[in-house]
Each structure stands twice: as C-alpha cells, then as structure tokens.
Amino acid sequence: MTTRLFRYYAGWADKIQGLTAPADGPYHVQTLHEPIGVAGQIIPWNFPLLMFAWKVGPALACGNTIVLKTAEQTPLSALYVSKLLHEAGLPPGVLNIVSGYGPTAGAALASHMEVDKLAFTGSTTTGKIVLQLAAKSNLKPVTLELGGKSPFIVCEDADVDKAAELAHYALFFNQGQCCCAGSRTFVHESVYDQFVEKANALAMKRVVGDPFKGGIQQGPQIDSEQFEKILKYIRSGVDGGAKLETGGERLGSKGYYIKPTVFTDVKDDMLIAKDEIFGPVQSILKYKDLDEVIQRSNASQYGLAAGVFTHNLDTANTLMRALRVGTVWINCFDVFDAAIPFGGYKQSGQGREKSFYSLSNYLQVKAVVTALKNPAWL
C-alpha cells in the first residue's frame, strides 16, 4: 500500500496546473498552483509506514520540502523508507525526518515560524493542541486526521454470518488500534441475539500471541500506557452495567496482550460507547428502526467513518447520506486505496488525506491578472 501511494502521487506530479478565467474588462486572468513551502508533518504509531506515505506522497508531488516527526513508539520505519527515497534520487534536504517526543519535537514543529503548513494524524486531544500552536505562531494552515467512534450498522435484512465476520474485522483489525475502527456495533433487534452469538464465537476463536509466529491474528497493544487505558475502559464497561460476554482481561502474564472482548447491552451514555478505546473491545448496541440508528450514530463528537451492512439499496442510500462521517463503507470495511479520500467530520478532523483532494493541502493558489492592450477578443 505504501508503494501504491507513492506511485499514485508520482502520477500527479506533472498534472498539477492552474486555470485561465474570464473577467470583466480587458484582462487576461490565470491562476498558478504553487508549492506551499515547508510542510511540517506529524504521524502516529499505529500504521507508521502507511501514515508516512499518506503525508509525504502529496507533499512531494506538489513540490514542497518536508520536516516529518515520527511517533516515539515507531521511529525506525520512516527513517528506513526515507533512506530508500534518497537512494532513488531524492535531493538532500527535501525530506527531513525528526525523531522525538510530542511535547518537545512535535510542539517545536507546530510552533515554528518558518514551517508553512502542518499535517497531523493522532488523537483529537493532541490535534487541538497542534491547532492552537499553529495559530499562535504564524497561523499556518493545518490538516488534521483525528479520532473516531465509528458506527457499524447491521440492518434487519443482513446475512448474519457475514455481518458478524465483517463487524469482527472492523473492530479487531490491528488489535483495535485503528482510528476508524467500527467500535459501535449497532444491530437491529430482529437479528440481535443471533448476531451476539456469532460475535462471541468469533472473539473466542481469535488467536492472540506473538505476531511474528504463524497463525496469530492479534498481537500485543503498542505499550503499557495503551494497555492500561484499555483495561480501564473494560472495567468501566462492567461497572456501568454492560454485559461482558467474553474476554475482558489480560492474556498471560507477559507482554501487553488483551483477550478479545465483547460487551452487549451497551447504552449510548456509557464510556465504552462514547470514547475512543483504541483496543480490542467490541460494544454491541440494539436498535429498532432506521431513524433511531441514524440519530444515535450521529450523536457523537466524532465523524470519521461508518459501516453499513444491508442488501436493501434504499436503506443503503438513506444511510450514506444521513450519516455525518467522512467515509461510509457499504457491505465492506477498511477499504483503503490511494484514490479514495479519507478524513472526518466534526472532531474527527479537517481536510482530507489521499486522492486528488489531498493535493490542495500542499498548494497555494495565486491569481495573476495582466492588462490587455487592444485584445482581438475577450
């Protein structure tokens, strides 16, 4: 996917162009699309190679220089790929990698007066700090790809076996460490009990262990901080009255492994239904009709993505327009391609990553107006 991103943006490099526009009076009007300058970029730890490509690809295609800060948990992959880019002929000084911590290196980058543009992927809390630092310094424009609490909606006409498998993947992929994870599983009351049975069986079968060994489906959480945070949310779910169906505890005594966890009878006001857990915790909620699930899905500070599982075209069309999110996956989930834009509504961010939409993040538009003397036509 990283290679695909760079090939995609390499294809855009010679297709970025301005326009000519008609104006009243004897003038020739054209626009120039210019590089924005020095792009500061801060990437997260959950997909360090892919996030590197999402940021670097469009910035290079638009002719910018880059200072990119890696996450302190995953500093090595970006350094390695950058070395490959220089071997491929990228000039010195165009792409610069900084390894460091957020409050020091990240804050310095966000506050720097000679950085012309900032792009950040991470938590909503940190994103707000980044936005403040950018505003207080030189008012540099900021692209933010932040947290999510994405609904996965299983409709009454769903094939329950397939819906349960897709919902399982939507949540547990990458140990649940995914900003767009389908972490609120809304299931129609007519298929709820059947779905819960299937979801529990899938979670109990999930193989957890050393990801470098064959047959392993789920590895450890990234570090002790995330590990403890997830266990705290699990305890809050139990204390709040949700039914713990399976999992809910550490696996073994060594490493940051958490058993795949499923909660049912989850209510919208519970922390496990409101907050981004970023771990292998599936919350299953029951709903009665389409209007209800639309209202409840949208009643969130987040708006990153949503999944819809239905065979009814009218239902799919209703939901794709009603859900206040940046991406709606219908009968699929986590489908990413260089040509598909990605980003959020509300506190899930601003701007879009990937596709041609991301190019505008790294360009300035300049209007050039030239007076014409005795033009043959206007």
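Going by the structure above, here's the rest.
Presented here is a report on the structure given in the accompanying data block. Because the structure is predicted, anything quoted here is derived from the model rather than measured.

1. Structural notes on the sheet that holds strand β1 (residues 20–21)
Argument step 1. Within the open sheet, the three strands sit side by side as β1-β2-β18. Their pairing is antiparallel. Two strands close off the open sheet at either side, each with one partner strand: β1 and β18 (363–371).
Argument step 2. Pairing between strand β2 (residues 27–35) and β18: nine bridges, direction antiparallel. The residue bridging V29 from the neighbouring strand is V369, located in β18.

2. What about the environment of K55?
Argument step 1. Relative to the elements of secondary structure, K55 occurs in helix α2 (residues 48–61).
Argument step 2. When the C-alpha positions of K55 and E197 are compared, they lie 41 Å apart, and in sequence the two are 142 residues distant.
Argument step 3. Within the structure, the side chain of K55 is placed 2.5 Å from the side chain of E353, a separation counted as a polar contact.

3. Considering the pairing of strand β8 (residues 151–154)
Argument step 1. On β8, burial covers both faces: P151 and I153 on one face and F152 and V154 on the other are all buried.
Argument step 2. Relative to strand β9 (residues 184–188), β8 is paired through four bridges, and the arrangement is parallel. Bridge pairing links V154 to V187 in β9.
Argument step 3. What joins β8 to β9 is helix α6 (residues 160–172), and the crossover it makes is right-handed.

4. Details of the sheet that holds β8
Argument step 1. Taken in spatial order, the seven strands line up as β10-β11-β12-β9-β8-β14-β15 in an open sheet, and their pairing is mixed. Edge positions in the sheet fall to β10 (243–246) and β15 (327–330), since each has one partner strand and no second. On average, adjacent strands in this sheet sit at an angle of 25° to one another, irrespective of strand direction.
Argument step 2. Two strands pair when backbone bridges link them, and β10 and strand β11 (residues 261–264) are joined in this way by three bridges, in the antiparallel orientation. Within β11, the position partnered with L244 by the bridge is F263.
Argument step 3. Across the sheet, helix α7 (residues 192–205) touches β8, β9, β10, β11 and β12 (281–287), and the angle it forms with β12 is around 175°.
Argument step 4. Strands β10, β11 and β12 of the sheet are contacted by helix α8 (residues 224–239), whose axis makes an angle of about 25° with β11.

5. Describing the pattern of salt bridges
Argument step 1. Evaluated as defined, the whole model comprises 11 salt bridges.
Argument step 2. For E87, the salt bridge identified is with K83, shortest N-O distance 2.8 Å. Taken together, the residues span about one helical turn, with E87 and K83 both in helix α3 (residues 76–87) at a distance of four residues. Each member of the pair, E87 as well as K83, carries the same accessibility label: exposed.
Argument step 3. Through salt bridges with shared partners, one network takes in D268, E292 and R296.

6. Notes on the nonpolar core
Argument step 1. In terms of nonpolar packing, the biggest core is built from 63 residues, with F52, F152, V154, F195 and I284 touching the most fellow members.
Argument step 2. Those elements that provide at least two residues to this core are α1 (2–12), α2, β4 (65–70), α3, β8, α6, α7 and β14 (305–309).
Argument step 3. Beyond its immediate chain neighbours, meaning those up to four positions away, I284 contacts T185, V187, Y192, F195, V196, A199, V262, F263, T264, D265 and V266.

What counts and how
Residues numbered from 1 in each chain as written. Predicted model: local features only at pLDDT ≥ 70, side-chain atom pairs only at ≥ 80, totals over all residues. Heavy atoms only, no water. Pairing = 2+ DSSP bridges. Helix = DSSP H or I, 4+ residues; strand = E, 2+ residues; numbered from the N terminus. Polar contact = N/O pair within 3.5 Å; in protein donor to acceptor, adjacent residues only side chain to side chain. Buried < 20%, exposed > 50% of the residue type's maximum accessible area, 1.4 Å probe, protein only. Right-handed = clockwise from strand over helix to strand, strands pointing away. Axes fitted to C-alpha atoms, helices over the stretch in contact; angles between N-to-C directions. Contact = heavy atoms within 4.5 Å. Salt bridge = Lys/Arg side-chain N within 4 Å of Asp/Glu carboxyl O. Core = buried A, V, L, I, M, F, W, Y, C linked by side-chain atoms within 4.5 Å.

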